[in-house]
Amino acid sequence: MLDPFERLRALVREALDNLKANDVAEIDVRGKSSVADLLVVASGTSTRHVKSLAEEVVRKAKQAGQPPIGVEGEREAEWVLVDLGDVIVHVMLPRTREFYGLERLWSVGPGNEVAA
């Protein structure tokens with residue numbers, strides 16, 4: 001039996017896998033951020049794909065009784081953020097992901113492994 005955090009993590013991974021997200025990375029930010037415990041970063045191939053991936057995460061979360069706290073960036077769909085509380089999902093176009101470099105930003109300092 002998975003704890004609520006692990007269930008949410010698995011739900012996000014399943015949603016992203018269902019619609020074939022690219023380069024999914026998980027960044028454990030426990031002890032580094034009071035905002036969330038896990039950041040999930042994924043890429044879509046187009047703005048339509050980015051939007052669809054984010055919508056699938058929202059749909060799965062709602063089905064599980066854990067609706068998002070907020071969703072940002074859906075209109076432009078170059079970077080959509082889905083805030084699920086303990087887990088924050090960033091779905092981005094590859095060029096946007098490279099420009100902002102969230103993985104690099106959160107990997108500064110000891111014990112900051114990025115898991116795929």
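Look up: the structure comes first, before these words.
Residues numbered from 1 in each chain as written. Predicted model: local features only at pLDDT ≥ 70, side-chain atom pairs only at ≥ 80, totals over all residues. Heavy atoms only, no water.

A few words now on the nonpolar core. Formed by 25 residues in total, the largest nonpolar core has its most connected members in Val 12, Leu 16 and Val 89. When contributions to this core are tallied by element, the ones reaching two or more residues are helix 1 (4-18), strand 2 (38-43), helix 2 (47-63), strand 4 (79-83) and strand 5 (87-92). In contact with Val 89, other than residues within four places in its own chain, are Val 12, Val 40, Val 57, Val 80, Leu 81, Val 82 and Leu 84. In this structure, Val 29, Leu 39, Val 41 and Leu 102 belong to the second largest nonpolar core, which totals 8 residues. (Core = buried A, V, L, I, M, F, W, Y, C linked by side-chain atoms within 4.5 Å. Buried < 20%, exposed > 50% of the residue type's maximum accessible area, 1.4 Å probe, protein only. Helix = DSSP H or I, 4+ residues; strand = E, 2+ residues; numbered from the N terminus. Contact = heavy atoms within 4.5 Å.)

In this section: the side chain of Lys 60. If you trace the backbone, Lys 60 turns up in helix 2. Within the structure, the side chain of Lys 60 is placed 3.0 Å from the side chain of Glu 14, a separation counted as a polar contact. Each residue touching Lys 60, except ones within four places of it in the same chain, is listed here: Leu 11, Glu 14, Ala 15 and Asn 18. (Polar contact = N/O pair within 3.5 Å; in protein donor to acceptor, adjacent residues only side chain to side chain.)

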